Amino acid sequence: MPNRVVVVGGGVVGACCAYYLAKSGRCVTVVDRAQFGAGCSHANCGYVCPSHVLPFATPGAVWSTMKTLFARNSPLKVRPRVALANLGWFLGFARKCNTRDMMAAGRAIQALTASSRALFETLIATEQIECEWETKGLLFVYQTVKEFEHYVHTNDFLTREFSAPAKRFDSGELAALEPALKPGMAGGYLYESDAHLRPDKLMSEFKRVLLSLGVEIRENCAVSGFTKVNGVASAVRTNAGDIAADAFVVATGAWAPQLDSELGCRVPIQPGKGYSLTMPRPALCPTYPLIFEEHRVAVTPFASGYRLGSTMEFAGYDETLNRSRLSLLTDAAKLYLRDPLAEPVQEEWWGWRPMTYDSLPIIDHAPAATNVLIAAGHNMLGLTMAPATGKLVAEMLADGKTHIDAAPYSLKRF
Ligand SMILES: Cc1cc2nc3c(=O)[nH]c(=O)nc-3n(C[C@H](O)[C@H](O)[C@H](O)COP(=O)(O)OP(=O)(O)OC[C@H]3O[C@@H](n4cnc5c(N)ncnc54)[C@H](O)[C@@H]3O)c2cc1C
């Protein structure tokens, strides 16, 4: 059993891996090329949402994705040059847009999200994590009767196939439930078992908890590869020297493909860029976390603030902040909310979601070294799936007995 473990990547996935490894008695070091918690895990929408069982690739999604190649400003945007340069990824996505693969992915997503939802409760209570954790649920809001009525079928389907029902609220009931909404919304669906938290607070609390468990955290420490002998890694090579260990976990999110040659495989992850805007709470702040379904924009009311977030752009590793993408967030909020914005804007942010084409993370041993595990590619649900991923990784590095079946997350599927 490995005693010393290096976790590469200090996002929410790496933090959870480090936590469960430290809890099982390992001596853990987390290394991050930048600051712990400053990647995609920093200012996401904060939803812990087992309601989100369906993958990105569903029947019909090819057509809706194709349309974005020519659309100027849709919530989902694929840059044509990125599609061409990464044709294999997009063809893989197209192949997955069928009912059989959607159902299989849905079951594998649900296994991780359901496990994580329960683990979050224990983790937060045991470690007294102060991250503005709230269990109010998640409210999907519809502006148009057409889309609201269409969701009846999705709700029936999710109830039947995944035991994931939402509570329906007609127009008047919705107005009473969430007074922050403008009058005249068509209706909504409430997923009562979802929860939310403040991601930056979660990450700073994780840092505190990990340090208290004796985990070493090394920031500004970029990993470029592994020292390997006969298929076994003995150290990570970093810009600050080698760090020796008995096992290694690569939890580098959207950056994972940069270590492809060292891992001995092609990790099919594309950065899916999303944005958020963080402000103080408006005078009439929503009670519930909201998703505006027609515009694909999310609103998270925190005890200490308020966030608009979402949009998905396949623009490669582009580090620019595109103001027109931020405007999509504020424009949508103005359509649904009485008091949509507050001053001053405290943070304008973008992050790279680590997108695989089948919406499932990769949690598997790297082909190049038996003692290197990959835990990356958590798509739009990395926060929601992180605790179960961390637990799974700790189990895989122990006796291999896992609390959920790890087969769907294996590299063999590609
Ligand atoms: C707008 C937006 C909203 C979202 N909302 C939600 C939500 O509500 N709920 C949810 O579940 N998910 C949400 N997500 C998705 C979620 O944020 C991601 O899936 C998750 O943060 C991924 O975590 P990670 O630890 O894999 O990656 P990251 O948090 O990006 O961490 C990876 C870390 O690896 C480090 N790293 C990379 N390469 C190296 C290297 N070579 N050496 C050392 N370190 C390295 C990076 O510096 C980084 O800190 C959202 C994403 C976005 C963009």
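Attention in this report is confined to the structure presented alongside it. (Residues numbered from 1 in each chain as written. Predicted model: local features only at pLDDT ≥ 70, side-chain atom pairs only at ≥ 80, totals over all residues. Heavy atoms only, no water.)

Before going further, it helps to spend a moment on the overall build of the protein chain. Secondary structure summary: the protein chain contains 11 helices and 20 strands in total. The C-alpha atoms of the protein chain give a radius of gyration of 21 Å, which matches the 22 Å a tight globule of 414 residues would have. Projecting the C-alpha coordinates of the protein chain onto the three principal axes gives extents of approximately 65 × 45 × 40 Å. In the protein chain, which comprises 414 residues, the proportion classed as buried is 58%. (Helix = DSSP H or I, 4+ residues; strand = E, 2+ residues; numbered from the N terminus. Rg over C-alpha atoms; globule rule 2.2 N^0.38 Å. Buried < 20%, exposed > 50% of the residue type's maximum accessible area, 1.4 Å probe, protein only.)

Here the focus is the pattern of salt bridges. Evaluation of the coordinates by the stated rule reveals 23 salt bridges. A salt bridge links R168 to D170; the shortest N-O distance between them is 3.0 Å. A relative accessible area of 34% means that D170 is categorised as partly exposed. Here E293 and R296 are joined by a salt bridge, their closest N and O atoms 2.6 Å apart. Residue R296 is classed as partly exposed on the basis of its relative accessible area, which comes to 40%. The structure contains a network of salt bridges with shared partners spanning R107, R160 and E161. (Salt bridge = Lys/Arg side-chain N within 4 Å of Asp/Glu carboxyl O.)

Moving on, we get to the site of the ligand. Within the structure, the ligand sits among 37 residues, and D32, S41, Y47, N379 and T384 are positioned closest to it. Here an oxygen atom of the ligand sits 2.8 Å away from a polar atom, N or O, in the main chain of N379. For the ligand, whose accessible area on its own is 1000 Å², the fraction buried by protein is 97%. Counting only elements with at least two residues in the shell around the ligand, the list comes to α1 (12-23), β14 (270-279), β18 (347-355) and α11 (382-396). Looking at the shell around the ligand, the element that brings in the most residues is β18, giving four residues. (Near = heavy atom within 4 Å. Polar contact = N/O pair within 3.5 Å; in protein donor to acceptor, adjacent residues only side chain to side chain. Areas by Shrake-Rupley, 256 points an atom, 1.4 Å probe, with all protein chains shown as cover.)

Note on placement: E205 falls in helix α8 (residues 199-212). The residues contacting E205, other than those within four sequence positions of it, are Q128, I129 and E130. (Contact = heavy atoms within 4.5 Å.)

Let us now look at the packing of aromatic side chains. Taken as a whole and assessed by the stated rule, the structure comprises 24 aromatic pairs. With centroids separated by 5.6 Å and ring planes inclined at 80°, the aromatic side chains of F90 and F314 adopt a geometry described as edge-to-face. With F90 in helix α4 (residues 87-96) and F314 in strand β17 (residues 305-314), the pair connects residues that are 224 residues apart, well separated along the chain. An aromatic cluster is present here, built from F56, W89, F90, F93, F314, Y357 and F414 joined pairwise through their rings. Its guanidinium or amino end placed over the ring of F162, R107 lies 4.7 Å from that ring's centre, counting from NZ or CZ. Lying over the aromatic face of W350, K273 brings its terminal NZ or CZ to 5.0 Å of the ring centre. (Phe/Tyr/Trp six-rings, centres within 6.5 Å; stacked < 30°, edge-to-face > 60°. Lys NZ or Arg CZ within 6 Å of the ring centre and 35° of its normal.)

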